[in-house]
Amino acid sequence: MKRAMLCLTFSLLIASSSQVRADDIAPQARQNFASIDALDVEHHWPAGVHVHWELGEPDGKPESGIGKHTHCSAFVAAAAKRLGIYILRPPEHKQILLANAQFDWLAGEGASHGWRPLRDAAEAQAQANRGLFVVAAYKNRRDDKPGHIAIVRPGMKSPAALASEGPDITQAGGRNYRSTTLVHGFAGHPAAWRDHEVRFYAHAPELAR
């Protein structure tokens, strides 16, 4: 029943898109980001230490594996949960290489949890503006290397700006940003944007019910 209602909410939001100009930012979108920004990503989910995935606070546990550990996927999972949305997260998957796993999950099992793929950056921006929770995801070509995932912010970019730098995003990573361009946020993965390997997905928040 819950999934059916979420799918109906998603369909209604998409169906109403003809009534919303591309440069509008709906009240639901502002409500989403009031909640997401309250997580204060720039001061939580710090790189290089193990954190509680949902709170973004260092928990004193040792990191396993090599490399500089970042927490893009844990932050996205925490933000999604705040809006009543499930995306693959601990304990169903460990934090290590979670972004790659989320990419695969969104393309497969995600549909049964209310996630829908979007065509491109322009549609991602439009749906974020209309109040959907939209993520940009990239899977590393090497299974033992991390991918990246971020949340698309509402905004009023021109088509040219969207094509050149993508929508603005909120992310945790090597550096955490409340707001930056997708190109800048994904700079650690040059092939992601250059080779059109970023995928966008949307989900209607529980708050929209």
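Above this text is the structure in question.
Computed from a prediction, not measured in an experiment: that's the story for all the values here.

Student: Help me understand the packing of aromatic side chains, please; the structure alone is not making it clear to me.
Tutor: By convention here, two paired aromatic rings are described through the distance between centres and the angle between planes. Counted according to the given criterion, the structure contains 3 aromatic pairs. Aromatic side chains Trp45 and Phe75 sit 5.1 Å apart centroid to centroid with 70° between the ring planes, which places their arrangement in the edge-to-face category. Of this pair, Trp45 sits in the loop between α2 (27–37) and α3 (72–82) while Phe75 sits in helix α3, placing them 30 residues apart in sequence. Of the residues examined, Trp45 reaches a relative accessible area of 0% and is grouped as buried. On the basis of an interplanar angle of 65° and a centroid distance of 6.1 Å, the ring pair of Trp115 and Phe133 is categorised as edge-to-face. Linking Trp115 in the loop between α4 (98–107) and β1 (116–118) with Phe133 in strand β2 (residues 133–138), this pair joins segments that are 18 residues apart in sequence. The pair Trp115 / Phe133 is uniform in exposure class, with both members buried.

Student: Sorry if this is basic, but what is going on with the pattern of salt bridges here?
Tutor: It is possible for side chains of opposite charge to pair when their charged atoms get near one another. What the rule picks out here adds up to 11 salt bridges. Asp104 is paired through a salt bridge with Lys139; the nearest N and O atoms lie 2.8 Å apart. One end of the pair, Asp104, is in helix α4; the other, Lys139, is in the loop between β2 and β3 (148–152), and 35 residues separate them in sequence. A salt bridge links Glu197 to Arg141; the nearest nitrogen and oxygen atoms lie 2.4 Å apart. Taken as a pair, Glu197 in the loop between α8 (190–194) and β6 (199–203) and Arg141 in the loop between β2 and β3 lie far apart in primary sequence, 56 residues in all. Among the charged side chains, a network of salt bridges with common partners joins Arg141, Arg194, Asp195 and Glu197.

Student: Honestly, the pairing of β6 in this entry has me stumped. Any pointers?
Tutor: The side chains of a regular strand alternate between both faces of the sheet. Counting buried positions along β6 yields 4 of 5 residues, so the element is predominantly enclosed. Pairing of β1 with β6, which is carried by 3 bridges, proceeds in the antiparallel orientation. When the sheet's bridge partners are listed, Arg116 is paired in β6 with Ala202. Looking at chain direction, β2 and β6 are connected through 5 bridges and run antiparallel. Counted as the bridge partner of Val135 is Tyr201 from β6.

Student: Honestly, the sheet that holds strand β5 (residues 177–181) in this entry has me stumped. Any pointers?
Tutor: The strand order across the open sheet formed by 6 strands is β1-β6-β2-β3-β4-β5, and the pairing between neighbours is antiparallel. Either end of the sheet is taken by a strand with one partner, and the two such strands are β1 and β5. On average, adjacent strands in this sheet sit at an angle of 40° to one another, irrespective of strand direction. With 2 bridges connecting them, β3 and strand β4 (residues 168–171) associate as antiparallel partners.

Calculation rules
- Residues numbered from 1 in each chain as written.
- Predicted model: local features only at pLDDT ≥ 70, side-chain atom pairs only at ≥ 80, totals over all residues.
- Heavy atoms only, no water.
- Phe/Tyr/Trp six-rings, centres within 6.5 Å; stacked < 30°, edge-to-face > 60°.
- Helix = DSSP H or I, 4+ residues; strand = E, 2+ residues; numbered from the N terminus.
- Buried < 20%, exposed > 50% of the residue type's maximum accessible area, 1.4 Å probe, protein only.
- Salt bridge = Lys/Arg side-chain N within 4 Å of Asp/Glu carboxyl O.
- Pairing = 2+ DSSP bridges.
- Axes fitted to C-alpha atoms, helices over the stretch in contact; angles between N-to-C directions.

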